[in-house]
Amino acid sequence: MKPAPFDYVRPDSLAEACKLLAGDDDARVIAGGQTLVPMLAMRLARPARLVDILRLPELAGIRKDSDSVVVGATTRQAQAERDPVIRASVPMLARVLPWVGHPPTRNRGTIGGSIANADPSAEIPLVAVTLGAEIVLATTAGPAAMPADEFFVGPMVTSINQGECVSAIRFPVWTHQRIGVGFFEVSARKSDFAFVAAAAQVALDEEERCLDVALGLGGVGDRPLRLDVSSLVGTRLDAKSAAQAVHAASVDLDAASDLHASASYRRRVATTLCLRALEQARADAAVRPALGAR
Amino acid sequence: MMVDLRINGTVRSAELEPRKTLLDALREDFLLNGTHAGCEHGVCGACTVLLDGEPVRSCLLFAVQADGYEITTIEGLAPAPGELSVIQDAFCETHGLQCGYCTPGMILAAHALLQQTVTPTREEIVEAISANICRCTGYGQIVEAVQFAADRLRIANTPRALLSPGGSK
Amino acid sequence: MSADPASFRFVSTNRRVREDRRFVAGHGLFVADVALEGMLHVAVLPSQHPAARIVSIDASAALAMPGVHYVLTGDELAAATDPLMNGLDTPRVKRHPLAVGQTRYAGEWVAAVVADSRALAEDAAEKIDVSYQPLPFVLNAEEALKPDSPPVHPEHGSNVLLDRTFVWGEVDKHFAECPRHLSFRVTWGRSSTVPIETFGVAASWDPWREMLDVWASIQMPKYPDQIARALRIPANGVRVHQDVDVGGSYGVKRGIKQTVLVAHLARRLGRPVRLIEDRLDNMAGGDAHGPDRIFDVEVAFDDDGIVKSMKMKALDNAGAYAGRAPFQLGKPIGAIVGPYRIESVQYRAQSVTTNKAVQEAVRGFGQAPTNYAIETAIDKVAAATGLPRIEVRRRNFIRSEQFPYLIPSGSTYDSGDYHTVVDKVLAHIDLDAMEKERDRLRATGLLAGIGVAACLEPSGANSAFEPLLNEKNTTTTWMDSCRIVVDGLGCVTVTIHNTSSGQGHETLVSTVVGEVLQVDPDLIRVVRPDSLACLPSNSPVGSRMAIMLGGAAFHAAQKLKAKLTRIGAHQFGLGEDKVVYASGGVADPAGNRQLGWAELVNIAHRHYHLLPEGMEPGLETTHVMQVPTGGTLPKDGRVQMYPCHSFEFHVVLMAIDPVIGKPEIRRYVIGHDCGTVITPHIVRGMTLGGIAHGLGAALLEEFVYNDEGQLITQSFMDYLLPSAHEVPAVEIVHHCTPSPFTVFGQKGSGESGYLGAPAAISGAINDCVAPLGISFNKLPIRIAAIGDAIAKAQQPNQGQAT
Ligand code: FES
Ligand code: FES
């Protein structure tokens, strides 16, 4: 199980990386390599050239803006997991990271790599879609951005073009006082990709009424999905309202069937995990102080 | 291409094809056979090495990417020929292995954990070794080995005055 | 002959396992660590088709690549070698390392490339152009039985390798007598032992000495003989280096096809050659899958839950070639009634070829699937009679005073005390408390249940199933052996004549020899000479080494002790029965005179004039051990299978979230009785590892072929081995019923845990879902299948689930 031969280049700048990629249809980006290298080893991918962007300074770092946190593409998953800014401002990302692979793969795997790999059951893309993150791209013409739900097209397929690479992910920060997150997934073993994963984030007012809600599903269809449960805003996220909203949002969910789980399993469990994630998020928010800084 | 790697504290150089994984380079070019190939696609953990102290899969990293890191292999853990580290010795004490094939990776994963904490919970130990598949042991005696090593490291690092009579437990 | 347990110095004490030191330091010697001067590397080209005629193979593009030395095809190899050995008398089912004329499963090796590196060999393999003409194929065993199914080996005439019906006892009468019958089907999915080290072999041929040297990751009885036969060279021209550490095997590392392939290449090219299977080679074409078996079982019992008779049909899907796999239907005959007093049995063993990968021996050699079927029967009898499952087991158990106990199929069980083991386990877990906990879980909305399994581990393997299933095979011995040498400086070196794959044989023999000679085992060196310097041995299969290697070491040490005693007695002018051997020395009983170890050694090595007349100088003894109780050919379909029978009793508390369907083990307790334990650490590890392996077979692991005949679980991403997250902490309750047939009372433990865990886990899941009126009767039981079945059962008009 040895990869087919390739050239390896490690450009000094992002611009140079884009140039290298743009000029060569057989070039591919490598960063952490945790999903690419197995593909190379099995010769399911066989680029002629790997452009290593891992050490580009432009792609590193976690920055907080007024209404968003910008996570550099090469931020390692383990680093993000420990990062205080992410914990405080993108709690959903912090919540799912322990479920991404396992510790050694998180030590090498990057946030941008998981996004670019676009596995429909992966946790980081799920968070990006659920929260409405923006995927920032480096192109030969300079930076560009697109919403996560436009970025993901299908299983392992994104709208990225040759000559571009993911440079950062801009996660919106909710500014409400009382925010909670919920996350559940089912997989054969803990570290495996999820048959179904559901992530929820809610904001509550002092009276525990829902001010905002985001709910997403992974593993069910061909890419992560954000469900429209905006009807829950203003409710107390009681079981009945939640069930109605989730059912309405998931009636015509297309689910995949494979060796590990049938489509009907995925649909059924999706609904349940959505409700559980919402409830967990609600409970998480409800224990936060209603007033004052967190 | 020419690659310079810092392995177990020594800089080693070799002319390598870019497609050669760190795993293969360690074994074939630097003759460090303690790092094992189990799956070569990132699942089993037999190839685990430490990169700047953190466990990683050496089958998921090309050797040309590994410059600039401090690479530690199992050969780098024993303090001297014939002498075992506390963790290695603990694996012998509880028989935390059988065939020994997963063992170097398992020990490096445990080593990384115990660099972080000498008071790990069972859950933390399980999480730390969960990326390393052992087909022989069912993990019971491995978990015990890590617990045992943690106890010994904790005692070793505790001033005598703070040790209650009969040990630190 | 048994030593007195109370007086053990080293046996049964908590000593370290001496092998561990080299492994924790990363200094094992695995086959992939063997680097030979000028060694070339092999990559194999797998067939994409489950069945296809090979029309042509064009390797010219591959051969033109730099660094490529050779491309070997099946035709060339078949012309130069003999077919690999079949276990059954099925001469027309020919098997070669590379497909000849036709491929018979997707993944079968069609050609082999030799190059300067494995990567180059893989590059070249992609360039080989094979033209195939697809043929009809069959994957399902029941389909393969049908006369009109596509024959995997047309020359053989059908897909049936074996179809034998045995009737032991008055089955019809017992069925007629019993007021109650029930029947069911269970299916054991195709899984295997899947060691973390794949199979590998390196070989070199020395044309001047006419010697083939082999280093291999091997656990194969008669390995050198089989290689020699296939290569048509004398067996004393094959030298297997047995000091290679094997990175796990648990049965499957047989490797004849790989070795013949590599050895032929080494001879052909005049260079050392090696093949280290990669994971894809190993899973799809390494011929290392395990049993794939459908059981149809019928039992006759009464209202008290006493099972009097059983009819069992086992249909096994052997895959594309025969090999030894069909024997895995034979070995369970030695414990076909489990721990129960079932008086008569009808057993039909069927093995068919299909277009799946070839089976190899898997831990327990067919016993774990059989135990799963038997235990399912007992659970169903309990359900039918309304009796508790543990109570039904107790009522049917052979009682301790009935041993030695002859079962209908001809084996005598050595010893056991099943009731006591169960009592101890129940006392340990506090069954009432566990049932309360189950009820508490149920009250929280979970499905909860308890699984139990009681089963045997036949141990001390002979190969009595060979003559039983193949009349042309008249083998009645499966010896193992040991040699002890004491050198002129008094140091003890013991040789053993097998490879090891984690069983700790060096620790075993040093402990045993130390015990007998009363010297510190840590001072005893244990080595493994190459096969040409070996005494007759079989490999560490069938849970035999504590019994057979331990036994051989014991007897060799006894002989050495006797020699030392004679030497000492001779110096004192006394008879040997008049002196005492203690701690390596000999003394007269009055204690006036004594000779220490060093003095005795000195006499043996240097003072011929002081030796008793006729005694050979030096200190060396050997023992070749016959399997206890073995040694006769089958009669009337009955035979004494293995001599010893370890017992295990599993109790599992399980909870299942009814929507998710994920089975969660809340508690796992096993009672284990393998007689006298020689090295507690090792036995414990075997048991824990066996349970983890059984958990995999029950819940996670399966080689799945899709309808096109392609293996869809051929990497570790889809074939799921349990990680530390999935394996629960296991509590072991020990009991010791010594075997009367072994030197210390020991029995085997190499398969322990695995033999009952699948049955116990399946039983626990079925107990969880029993209130819904459903059950699962096929392993592995996947999460989503559980979820789907529960959902279906909870709908109005529910039906039976799978
Ligand atoms: S060999 Fe690297 S993870 Fe298996
Ligand atoms: S000790 Fe054999 S795989 Fe872990």
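Rules used in this analysis
- Residues numbered from 1 in each chain as written.
- Chains lettered and ligands numbered in written order.
- Predicted model: local features only at pLDDT ≥ 70, side-chain atom pairs only at ≥ 80, totals over all residues.
- Heavy atoms only, no water.
- Helix = DSSP H or I, 4+ residues; strand = E, 2+ residues; numbered from the N terminus.
- Rg over C-alpha atoms; globule rule 2.2 N^0.38 Å.
- Buried < 20%, exposed > 50% of the residue type's maximum accessible area, 1.4 Å probe, protein only.
- Areas by Shrake-Rupley, 256 points an atom, 1.4 Å probe, with all protein chains shown as cover.
- Contact = heavy atoms within 4.5 Å.
- Buried area = accessible area lost by both parts, 1.4 Å probe.
- Salt bridge = Lys/Arg side-chain N within 4 Å of Asp/Glu carboxyl O.
- Polar contact = N/O pair within 3.5 Å; in protein donor to acceptor, adjacent residues only side chain to side chain.
- Nonpolar A, V, L, I, M, F, W, Y, C, P; charged D, E, K, R; others polar.
- Phe/Tyr/Trp six-rings, centres within 6.5 Å; stacked < 30°, edge-to-face > 60°.
- Lys NZ or Arg CZ within 6 Å of the ring centre and 35° of its normal.
- Pairing = 2+ DSSP bridges.
- Axes fitted to C-alpha atoms, helices over the stretch in contact; angles between N-to-C directions.
- Domains from an automatic or database assignment.

(A) Structural detail: the overall build of chain C. When helices and strands are counted, chain C shows 20 helices and 29 strands. Its C-alpha radius of gyration of 28 Å places chain C within 12% of the 28 Å reference for a compact globule of 802 residues. In terms of its C-alpha atoms, chain C occupies a principal-axis envelope of roughly 95 × 75 × 50 Å. The proportion of buried residues among the 802 residues of chain C is 66%. Surface exposure of chain C reaches about 26,300 Å², of which carbon and sulfur atoms provide 50%.

(B) Examining the interface of chain A and chain B more closely. Taken residue by residue, the interface counts 35 residues in chain A and 29 residues in chain B. Across the interface of chain A and chain B, roughly 2,500 Å² is buried in total on both sides, 53% from carbon and sulfur atoms. Among the residues of chain A in contact with chain B, A:Tyr8, A:Pro104 and A:Arg108 are the three that bury the most area, contributing 22% of the side total. Linking chain A to chain B there are eight salt bridges. A:Arg82 is paired through a salt bridge with B:Glu54; the nearest N and O atoms lie 3.6 Å apart. Counting across the chain A and chain B interface gives 13 residue pairs in polar contact (both at pLDDT 80 or more). Going through the elements one at a time, helix H2 (36-41), strand S3 (49-52) and helix H6 (103-108) of chain A are the ones with two or more residues in the side of chain A that touches chain B. With six residues, H6(A) is the largest single contributor of residues to the side of chain A that touches chain B. Within the side of chain A that touches chain B, the residues separate by chemical class into 18 nonpolar, six polar and eleven charged.

(C) Geometry of the environment of C:Trp205. Residue and element names in this part refer to chain C. Checked against the element boundaries, Trp205 lands in strand S9 (residues 200-206). Judged by relative accessible area, Trp205 falls into the buried class, the value being 17%. Spatially, the C-alpha atom of Trp205 lies 9.2 Å from that of Val273, the residues being 68 residues apart in sequence. Apart from residues lying up to four places away in sequence, Trp205 is in contact with Glu210, Met211, Leu212, Ile233, Gly237, Ala266 and Arg267.

(D) Region of the structure containing the packing of aromatic side chains. A full pass over the atoms with the stated rule returns 21 aromatic pairs over all chains. Consider the rings of A:Phe151 and A:Phe152, whose centres lie 5.1 Å apart with planes at 90°: the pair is edge-to-face. Here A:Phe152 falls in the buried class, since its relative accessible area comes to 2%. In this structure, C:Arg267 packs its charged tip against the face of C:Trp205, placed 5.1 Å from the ring centre.

(E) Quick peek at the sheet that holds strand S4 (residues 54-57) of chain B. Residue and element names in this part refer to chain B. Ordered in space as S2-S1-S5-S3-S4, the five strands form an open sheet in which the pairing is mixed. Of all strands in the sheet, those with a lone pairing partner are strand S2 (10-15) and S4, marking the two edges. For this sheet, the mean angle separating the axes of adjacent strands, direction not counted, is 40°. Relative to S4, strand S3 (residues 48-51) is paired through four bridges, and the arrangement is antiparallel. By the bridge assignment, Leu50 is partnered in S4 with Pro55. Sheet strands in contact with helix H3 (residues 103-116) are S3, S4 and strand S5 (70-72), and its direction is about 35° off that of S3.

(F) Spatial organisation of the domain arrangement of chain C. Residue and element names in this part refer to chain C. Assigned domains within chain C: domain 1 (5-27 + 479-625), domain 2 (34-135 + 197-247 + 254-285) and domain 3 (293-464 + 633-794). In this structure, domain 1 and domain 3 have C-alpha centres spaced 38 Å apart. Taken together, the contacts link 27 residues of domain 1 with 24 residues of domain 3. Between domain 1 and domain 3, the buried area comes to about 1,800 Å², and carbon and sulfur atoms account for 70% of it. At the boundary of domain 1 with domain 3, the tally comes to zero salt bridges. Across the contact surface, domain 1 and domain 3 share ten residue pairs in polar contact (both at pLDDT 80 or more). At the level of secondary structure, the elements contributing two or more residues to the side of domain 1 that touches domain 3 comprise helix H15 (505-517) and helix H16 (545-572). No other element matches H16, which puts six residues into the side of domain 1 that touches domain 3. Taken together, the residues of the side of domain 1 that touches domain 3 sort by class into ten nonpolar, 13 polar and four charged.

(G) Structural context of the pairing of strand S2 (residues 52-58) of chain C. All names here are of chain C. Of the pairings in the sheet, the one linking S2 to strand S4 (residues 102-103) comprises two bridges and is antiparallel in character. Opposite Arg53, over in S4, you have Gln102 as the bridge partner. Pairing of S2 with strand S6 (residues 129-134) involves six bridges; the strand directions are antiparallel. Its bridge partner being in S6, Asp58 is matched across the sheet by Asp129.

(H) Local environment of the environment of C:Ala112. One can find C:Ala112 in strand S5 (residues 109-115). Along the sequence, C:Ala112 and C:Ile128 sit 16 residues apart, while their C-alpha atoms lie 9.9 Å from each other.

(I) Geometry of the interface of chain C and chain B. Taken together, the contact between chain C and chain B spans 51 residues of the former and 46 residues of the latter. Interface area lost by chain C to chain B is led by C:Arg16, C:Val24 and C:Ile196, which between them contribute 18%. Our count for the contact surface shared by chain C and chain B stands at six salt bridges. Between chain C and chain B we count 23 residue pairs in polar contact (both at pLDDT 80 or more) in total. Of all the secondary-structure elements, those providing two or more residues to the side of chain C that touches chain B are helix H1 (20-24), helix H4 (118-125) and helix H18 (680-700) of chain C. Classifying every residue of the side of chain C that touches chain B gives 25 nonpolar, 16 polar and ten charged.

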